[in-house]
Amino acid sequence: MKNNVCEIFFDQLNSSSGVVNKLTVSHPTVGLPGSKWTIDYLHVGKLNHSLPFVLDGYVCAIALFAMQHASSIKVHGPVSRKFVRNMQLLSEAWACWLPEKYSIIEIEAEKYVDARPVTLVKHIESFFKKNKGKSLSSFSGGADAGFTLLRHALKGGSLPGSQRFNIEDVVMVHGFDVRYENQRGFDALRKSVQPVFDKYEINCHVVRTNIRCHEVQTWGHSFMAQLSSVLHQFSGEFNNGLVGSSEPYTDLVNAWGSHPAI
């Protein structure tokens, strides 16, 4: 029986390269890289970044690890009640798909909240007056991400205006498809997609993270949860987060990170 508690702590640091949001994970499982390790999210070139109101996204970062190695996650900070319910459903799905590997996880937090601060709520309500709110899409440079952008771009998207999320911003993650240590490869990718951003008037945010370097989660299972942790970095600025799909409804694969059921 899994009795270990996985604890997470948040901190924000400033560096010459940009703001770093830091997650410290503590877990006593033997064979993992120490009882504590850190996950960094460097917002490249961004010298100011709002603190998160809740730590929901940071739980996403290690969700599959915790389902495999722990009975609960203790969050040293606030989480939303809606997120706790969603995590219950997520862990139920994985425990159903792969009961030999994953189990239902509980969330214990210092504080549970129902809504965001009034000032942020008003900010989000103002978004809704403009085409459903301000939207951010993940962008890897691949076909799925490109298709999502071309459908939903505010300037030139192929969907009718009433169906678009009106994307003006994307986030590229350095540390996922292009590995953390491969700066030259990421720079080349960034340069190659810039003409697309120029054509559709897209702002590109870059987050460099070492989350995949730890290799404590099966990538094919956890990539969407880890990508969610990156999108949550912008929850104070954007109301909607979009990601490209993968397999079509006619050919779904169970126990896959981006399955539409989860």
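Quick caveat: nothing in here was measured; it's all calculated off a predicted structure.

What counts and how
- Residues numbered from 1 in each chain as written.
- Predicted model: local features only at pLDDT ≥ 70, side-chain atom pairs only at ≥ 80, totals over all residues.
- Heavy atoms only, no water.
- Core = buried A, V, L, I, M, F, W, Y, C linked by side-chain atoms within 4.5 Å.
- Buried < 20%, exposed > 50% of the residue type's maximum accessible area, 1.4 Å probe, protein only.
- Contact = heavy atoms within 4.5 Å.
- Phe/Tyr/Trp six-rings, centres within 6.5 Å; stacked < 30°, edge-to-face > 60°.
- Helix = DSSP H or I, 4+ residues; strand = E, 2+ residues; numbered from the N terminus.
- Lys NZ or Arg CZ within 6 Å of the ring centre and 35° of its normal.
- Salt bridge = Lys/Arg side-chain N within 4 Å of Asp/Glu carboxyl O.
- Pairing = 2+ DSSP bridges.

A. Fine view of the nonpolar core. The biggest cluster of nonpolar side chains holds 47 residues, and the ones touching the most others in it are V59, I62, M67, V75 and M87. Other than its neighbours up to four places away in sequence, M87 contacts V59, A63, M67, I105 and I107. Counting residues in hydrophobic clusters, the runner-up holds 15 residues, among them A145, L149, F186 and Y200.

B. Highlighting the packing of aromatic side chains. Evaluation of the coordinates by the stated rule reveals 10 aromatic pairs. Seen in terms of ring centroids, Y41 and Y58 are 5.7 Å apart; in terms of plane orientation they differ by 85°. Their pairing is edge-to-face. With Y41 in strand β3 (residues 36-44) and Y58 in helix α1 (residues 56-61), this pair connects stretches of sequence that are 17 residues apart. For the ring pair F139 and F197, a centre distance of 5.1 Å and an interplane angle of 65° mean the geometry is edge-to-face. With F139 in the loop between β6 (135-138) and α5 (143-152) and F197 in helix α6 (residues 183-200), this residue pair connects regions lying 58 residues apart in the sequence. Using a relative accessible area of 7% as the deciding quantity, one classes F139 as buried. The class for F197 is buried, based on a relative accessible area of 1%. Here a set of aromatic residues connected by ring pairs shows up, and it is made of F176, W219, F223 and W256. The side chain of K36 reaches across the aromatic face of F9, ending 5.7 Å from its centre. Over the face of the ring belonging to W219 we find R212, whose NZ or CZ atom lies 3.9 Å from the ring centre.

C. Representation of unusual backbone geometry within the structure. The phi torsion at E201 lies on the positive side, around 55°, for a residue other than glycine. Considering the arrangement of structural elements, one finds E201 in the loop between α6 and β8 (203-209). For E201, a relative accessible area of 48% translates into the label partly exposed. Phi angles above zero are rare outside glycine, and A255 is one such case at about 55°. Within the secondary structure, A255 sits in the segment after β9 (240-242). Given a relative accessible area of 18%, A255 falls into the buried group.

D. Representation of the environment of Q88. Position of Q88 relative to the elements: it lies in helix α3 (residues 81-97). Taking relative accessible area as the criterion, Q88 reaches 31% and is therefore assigned partly exposed. With 17 residues separating them along the chain, Q88 and I105 place their C-alpha atoms 6.7 Å apart. Those residues in contact with Q88 that lie beyond four places of it in its chain are I104 and I105.

E. Spotlight on the pattern of salt bridges. Summed over the entire model, instances satisfying the criterion amount to 5 salt bridges. Residues D40 and K22 are paired through a salt bridge, measuring 2.6 Å at the closest nitrogen-oxygen approach. Of the two residues, D40 is situated in strand β3 and K22 in strand β2 (residues 18-26); the sequence distance between them amounts to 18 residues. As far as the burial class goes, D40 and K22 line up, both buried. Residue E201 pairs with K155 through a salt bridge whose shortest N-O separation is 2.9 Å. With E201 in the loop between α6 and β8 and K155 in the loop between α5 and β7 (167-174), the pair connects residues that are 46 residues apart, well separated along the chain. Note on K155: relative accessible area 39%, which makes it partly exposed.

F. Spotlight on the pairing of strand β1 (residues 5-15). The pairing of β1 with strand β4 (residues 72-80) spans 5 bridges and is classified as parallel. Bridged to V5 within β4 is S72. Where β1 meets β2, 9 bridges bridge the pair, whose relative direction is antiparallel. By the bridge assignment, F10 is partnered in β2 with L23.

G. Structural view of the environment of T148. Mapped onto the secondary structure, T148 falls in helix α5. By relative accessible area, which is 9% here, T148 ends up buried. The contacts of T148, once residues within four sequence positions are left out, are S137, I167, L242, V243 and G244.

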